[in-house]
Number of protein chains: 2
Amino acid sequence: MKIMEGNIASPLGFSADGLHAGFKKKKHDFGWIVSEVPASVAGVYTTNQVIAAPLLVTKESIQKNQQLQAVVVNSGVANSCTGLEGMEDAYKMQQWTADKLKIAPDLVALASTGVIGERLPMEALKTGLSKIVINGNADDFAQAILTTDTCTKTCVVTELFGQDVVTMAGVAKGSGMIHPNMATMLAFITCDANISSAALQQALSRNVETTFNQITVDGDTSTNDMVLVMANGCTQNEEILPDTEAFDRFADMLQFVMADLAKKIAKDGEGATKLIEARVLHAKDELTARMVAKSVVGSSLVKTAIFGEDPNWGRILAAIGYAGPRVSVANIDIAIEGLPVMKASSPVSFDSEEMSEVMTRDDLVIEIDLHDGEAEGRAWGCDLSYDYVKINALYRT
Amino acid sequence: MKIMEGNIASPLGFSADGLHAGFKKKKHDFGWIVSEVPASVAGVYTTNQVIAAPLLVTKESIQKNQQLQAVVVNSGVANSCTGLEGMEDAYKMQQWTADKLKIAPDLVALASTGVIGERLPMEALKTGLSKIVINGNADDFAQAILTTDTCTKTCVVTELFGQDVVTMAGVAKGSGMIHPNMATMLAFITCDANISSAALQQALSRNVETTFNQITVDGDTSTNDMVLVMANGCTQNEEILPDTEAFDRFADMLQFVMADLAKKIAKDGEGATKLIEARVLHAKDELTARMVAKSVVGSSLVKTAIFGEDPNWGRILAAIGYAGPRVSVANIDIAIEGLPVMKASSPVSFDSEEMSEVMTRDDLVIEIDLHDGEAEGRAWGCDLSYDYVKINALYRT
């Protein structure tokens, strides 16, 4: 597998565009991805019971068709918690996009992100659709889906399948309302491989638990989270079938892209100054490892301590203790960036100068050894800063 | 029932004291409550698997004895996550206090609160025990148990049982690491009623789910949480027996004290500027009502919105949607301080001037009607401010 420069339109047969349409004051806020031909599709959606209108419409269309040719996205307004009117607006967004592309509405997926509880400004949608083009500037798409994100999040990889180079690209937005029991942000992945929707869904579902579901910014699960993967077959490679070596390599490729985007989302969490990775070793099973890791990166007290560059091992141990799964609480080792702070659940002395240096780093790994089995798990989060509060206290105004 | 001025030593036969011993730099950090005679006792403890040494020692003693005569508390250092040495320190704290009072060690409960992961300074403990007195200034006890709290939390009530006036008093500390699956703070309740430990435990357990378990400050469950109730019988009233009218009145009295302390803890959450109460109406059962209420007051996004005085109904609906229990997501009404913001899960227009006024209030009630049954539930929390981050980023240094 090779990591490449590129964008969401790097795989064969895809194009994308993004621009300012008026959902936001100034920045890019509208974009699409279009495939030359209908593509296989797989999706995962928010586990929040309150599901935004664009997701409901998208799920329905994908279930009906098992294919997708375009994704249209706006940022600034989420069209969530908007009742029946919101559903009507979403159906219009789908229909108008289909009209412009001259394809069936069911081949169009929708995503909206931004303020919830407010109607979609349909004039901005009209403006956007009048300006957007096929074969536009695909880098602009990654801009168009952002809300409080401070940077675009893209990952492009290639892999040989027989003689054929398969390219896979992903873009994501995250920042706030990030606490998955599923996706909890938007991610779109394009690929030119020849693979069925069913096989694609299998590869996606396999990887969600260890990637997007293991990041947390603020513990809030959004109503609009969605991961969509499209594979249009334009590489014309031999079909990748489940239970084959090729499928495993394809799933690993997808895992790499998903994990890379997940970490980029965590690192760019609202107000974040540091990426925190919790690595749990020797857990009795993988679920325990993942739950413990996620509890640690999700703790407000751990997050604020790390913002304050304080190696507060007590808060880490406390977060392990309330994570849920049974652990041997008297036999836990904790290290921060390789420096031990607890052995067998007792504090150990460390060089405080060395620790001070470690705590200033932008990426911190907290390693937790549970001495209870062979399973491992990871989770990613960010520190909790003044800016998180600022961003969310002032977001609507 | 009458609400009184008073302190933890207002019930007959109790005394208390508090002073500066050296666990903290300057403020009161050491105190005790002593009963003239061994008292009936009931307790609830943290659900965190990592349990601090003083709690382990206290639980063990109470289980053995079913009686208690004294509670000794220090603030500043929590003696949590301190391994075997921490257990030895706790046993010494218990023994030394018993020696001073000339009672059996098992009649002494311990509580420690403050920084976790650090050893108890035993010199400070010696200093404290050399200075503390019986019949000291009981108001000082409420000071001595505080950490980042900005005010003491006390509640005193009296009630007639036959000809006898029973007095009940409670003090609590909270502020951070407040997210109960149990107590998640310290609360001590004294009472001069004649009631068995078993009956007292029944009354306490009945009320915990609707009071201390329904508050949240930051989602972190502490390792040191404990609620202890002592009833020494000094009123010499007829014994209050379970399944009687007197027992119900006693339990209601206890519920009042617990709810009052719980709200005071939520309102004084770290960095809080506002108390948020979520009232859920017409839920299908009480657990649903309580879980939905707690999800709303626990949402970082709701908390920051309210800090920003923004009536962000979308975030409230989203928090209902991920609370856990199934709800009819299309049929929810939400009002803030009586002003409707959503009807049947759709936004409703409101007078924005009136709303602006409402959002400036110090105490905000969010009313949520699920239109799904007859059950009700409440939860209390606070907004999330810059100061929460500041307090927790800098707490140890």
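Conventions adopted
Residues numbered from 1 in each chain as written. Chains lettered and ligands numbered in written order. Predicted model: local features only at pLDDT ≥ 70, side-chain atom pairs only at ≥ 80, totals over all residues. Heavy atoms only, no water. UniProt positions renumbered as here; feature names shortened; annotations may be inferred. Helix = DSSP H or I, 4+ residues; strand = E, 2+ residues; numbered from the N terminus. Rg over C-alpha atoms; globule rule 2.2 N^0.38 Å. Buried < 20%, exposed > 50% of the residue type's maximum accessible area, 1.4 Å probe, protein only. Contact = heavy atoms within 4.5 Å. Areas by Shrake-Rupley, 256 points an atom, 1.4 Å probe, with all protein chains shown as cover. Lys, Arg positive; Asp, Glu negative; His and termini not counted. Charge placed at Lys NZ, Arg CZ, Asp CG, Glu CD. Polar contact = N/O pair within 3.5 Å; in protein donor to acceptor, adjacent residues only side chain to side chain. Phe/Tyr/Trp six-rings, centres within 6.5 Å; stacked < 30°, edge-to-face > 60°. Domains from an automatic or database assignment. Buried area = accessible area lost by both parts, 1.4 Å probe. Salt bridge = Lys/Arg side-chain N within 4 Å of Asp/Glu carboxyl O. Nonpolar A, V, L, I, M, F, W, Y, C, P; charged D, E, K, R; others polar.

As annotated in an unreviewed UniProt entry, chain A carries the name Arginine biosynthesis bifunctional protein ArgJ and comes from Streptococcus panodentis. On record in UniProt, under Sequence similarities (unreviewed entry), the comment for chain A is "Belongs to the ArgJ family."

Before going further, it helps to spend a moment on the overall build of chain A. When you go through chain A residue by residue, the secondary structure sums to eleven helices and 15 strands. Here the C-alpha atoms of chain A give a radius of gyration of 21 Å, agreeing with the 21 Å that 2.2 N^0.38 yields for 397 residues. The principal-axis extent of the C-alpha atoms belonging to chain A is close to 70 × 55 × 35 Å. Looking at chain A residue by residue over its 397 residues, the buried ones come to 62%. In chain A, 81% of the contacts between residues at least 6 apart in sequence involve partners at least 24 apart. As presented, chain A carries roughly 14100 Å² of accessible surface, and 49% of it is formed by carbon and sulfur atoms. One way to put it: in chain A the 33 positive side-chain charges average out to a point 6 Å from where the 51 negative ones average out.

We now examine the side chain of Gln-49 of chain A. Mapped onto the fold, Gln-49 of chain A is located in the loop between β3 (30-45) and α1 (53-65). A polar contact of 2.6 Å, which involves the side chain of Gln-49 of chain A, links it to the backbone oxygen of Pro-325 of chain B. Setting aside chain neighbours within four positions, we find Gln-49 of chain A in contact with Gly-321, Gly-324, Pro-325, Arg-326, Val-327 and Val-329 of chain B.

A few words now on the packing of aromatic side chains. All names here are of chain A. Tallied over the entire structure, the rule returns eight aromatic pairs over all chains. Relative to Phe-188, the ring of Phe-141 lies with its centre 5.8 Å away and its plane at 70°, an arrangement referred to as edge-to-face. Residue Phe-141 is found in helix α4 (residues 139-144), and its partner Phe-188 is found in strand β8 (residues 186-191); the two are separated by 47 residues along the sequence. The pair Phe-141 / Phe-188 is uniform in exposure class, with both members buried.

All names here are of chain A. Domain annotation of chain A identifies domain 1 (2-267) and domain 2 (275-393). One C-alpha centre belongs to domain 1, the other to domain 2, and the line joining them spans 32 Å. Taken together, the 15 residues of domain 1 in the interface contact 16 residues of domain 2. The junction of domain 1 with domain 2 conceals about 1400 Å² of combined surface from both sides, 59% of it contributed by carbon and sulfur atoms. Considering only the side of domain 1, the residues that lose the most area to domain 2 are Gln-214, Thr-216 and Lys-267, jointly responsible for 42% of the buried surface there. At the boundary of domain 1 with domain 2, the tally comes to one salt bridge. Here Asp-363 makes a salt bridge to Lys-267, at a shortest N to O gap of 2.8 Å. Our count for the domain 1 to domain 2 interface comes out at five residue pairs in polar contact (both at pLDDT 80 or more). Of the residues in the side of domain 1 that touches domain 2, the class split is four nonpolar, seven polar and four charged.

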